[in-house]
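One-letter residues, chain by chain:
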Amino acid sequence: MEISIRKSSETNIISLSGSLDIYTSIDLKNFFEQNIDRNNNNVVINLEKLNYIDSSGIGMLIKQLNYVQELSGKFFIANMKPAIEKVFKVAGLTSYFQTLSESEFISQFP
């Protein structure tokens, strides 16, 4: 998995590509610990280039959502591919996460 970050006003856009699974989820945890803090706490996870996610990856996203909320930040997931979105729906998590469609993402974070 590859992780990249860019800032858009007061929000961190974190883009994931490849697979978020049992082998790579700890990389995301470490990335958050190094890059997200009280002064820098709004996050959008861009899943446009994510090809695969398993339960470990979903669990790590939940942990990072909780981490951001503890820092009083906002957490969004954007650009889910249909296959990834299906995993979120099956797990009953579409209402748990705030999501942005591709058009919402582009208009808010050009």
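Before any of the text, the structure's been laid out above.
Residues numbered from 1 in each chain as written. Predicted model: local features only at pLDDT ≥ 70, side-chain atom pairs only at ≥ 80, totals over all residues. Heavy atoms only, no water.

Things to note about the pairing of strand S3 (residues 42-53)
Step number 1: Examined bridge by bridge, strand S2 (residues 11-20) and S3 share nine bridges and lie parallel to one another. Residue pairing for S3: Thr11 is matched across the bridge by Asn42.
Step number 2: With respect to chirality, the unit in which S2 leads through helix H1 (residues 25-35) into the neighbouring parallel S3 is right-handed.
Step number 3: In this sheet, strand S4 (residues 75-78) lies alongside S3 in parallel orientation, the contact comprising four bridges. Of the residues in S4, the one forming a bridge with Val43 is Phe75.
Step number 4: A crossover connection joins S3 to the parallel S4 through helix H2 (residues 55-70); in handedness this β-α-β unit is right-handed. (Pairing = 2+ DSSP bridges. Helix = DSSP H or I, 4+ residues; strand = E, 2+ residues; numbered from the N terminus. Right-handed = clockwise from strand over helix to strand, strands pointing away.)

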